[in-house]
Amino acid sequence: MTTSTYEALVCECGHLGRLRCRENDAPHSGLWESYSLEGFDGGKLAITNYKDLPADLLAVLKPKCPSCGQTGKVTYVLRRVANPAITAHRSKS
């Protein structure tokens with residue numbers, strides 16, 4: 001079975017989209033995750049080993065905003081942290 005999770009993304013111009021993660025959640029099966037963008041143009045990434053997961057997914061996917069045409073101006077709206085009751089805004093860098 002495949003589970004999808006989403007993280008909200010925003011361009012500096014205000015355009016909104018999402019990072020979609022699809023993962024195999026079947027017990028006793030190998031790792032498989034697929035990352036793609038919704039609302040932005042850009043690449044896709046599939047991994048079968050955690051060591052292949054990049055530290056910065058957005059740098060690999062290179063989201064391009066359909067509203068302003070800029071690449072590299074997209075950031076996460078909210079970031080999950082160790083304590084799920086706490087959220088912090090990710091800085092624009």
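What counts, and at which threshold
Residues numbered from 1 in each chain as written. Predicted model: local features only at pLDDT ≥ 70, side-chain atom pairs only at ≥ 80, totals over all residues. Heavy atoms only, no water. Helix = DSSP H or I, 4+ residues; strand = E, 2+ residues; numbered from the N terminus. Buried < 20%, exposed > 50% of the residue type's maximum accessible area, 1.4 Å probe, protein only. Contact = heavy atoms within 4.5 Å. Areas by Shrake-Rupley, 256 points an atom, 1.4 Å probe, with all protein chains shown as cover. Pairing = 2+ DSSP bridges. Salt bridge = Lys/Arg side-chain N within 4 Å of Asp/Glu carboxyl O.

With that out of the way, let us pick up the overall build of the protein. Regarding its fold elements, the protein presents 1 helix and 7 strands. In the protein, the succession of α and β elements from N to C terminus is β-β-β-β-α-β-β-β. Within the protein, the proportion of its 93 residues that are buried is 24%. The long-range fraction of contacts in the protein, counting pairs at least 24 apart against all pairs at least 6 apart in sequence, stands at 32%. Carbon and sulfur atoms provide 51% of the accessible area of the protein, an area that totals close to 6200 Å².

As a further point, take unusual backbone geometry. Phi at lysine 62 is positive, roughly 50°, even though this residue is not glycine. Note on placement: lysine 62 falls in the loop between helix H1 (57-61) and strand E5 (74-76).

A few words on the environment of glutamine 70. Position of glutamine 70 among the secondary structure elements: in the loop between H1 and E5. Classification of glutamine 70 by relative accessible area gives partly exposed; the value is 39%. Other than its neighbours up to four places away in sequence, glutamine 70 contacts Pro63, Lys64 and Cys65.

A word on the pairing of strand E1 (residues 2-11). Relative to strand E2 (residues 16-24), E1 is paired through 9 bridges, and the arrangement is antiparallel. Counterpart to alanine 8 in the pairing with E2 is arginine 18. In sequence, E1 turns back onto E2 through a hairpin of 4 residues, with glycine 14 there showing a positive phi of about 105°. Relative to E5, E1 runs antiparallel, the two being bridged by 3 bridges. Directly across from leucine 9, in E5, lies its bridge partner tyrosine 76.

What follows is about the pattern of salt bridges. Enumeration according to the criterion identifies 1 salt bridge in this entry. Of the charged contacts, one joins arginine 18 and glutamate 38 as a salt bridge, the two residues approaching to 2.7 Å between their closest N and O atoms. Here the residue arginine 18 occupies a position in strand E2, and glutamate 38 occupies one in strand E3 (residues 33-38), the gap between them amounting to 20 residues. Under the relative-accessibility criterion, glutamate 38 is labelled partly exposed at 25%.

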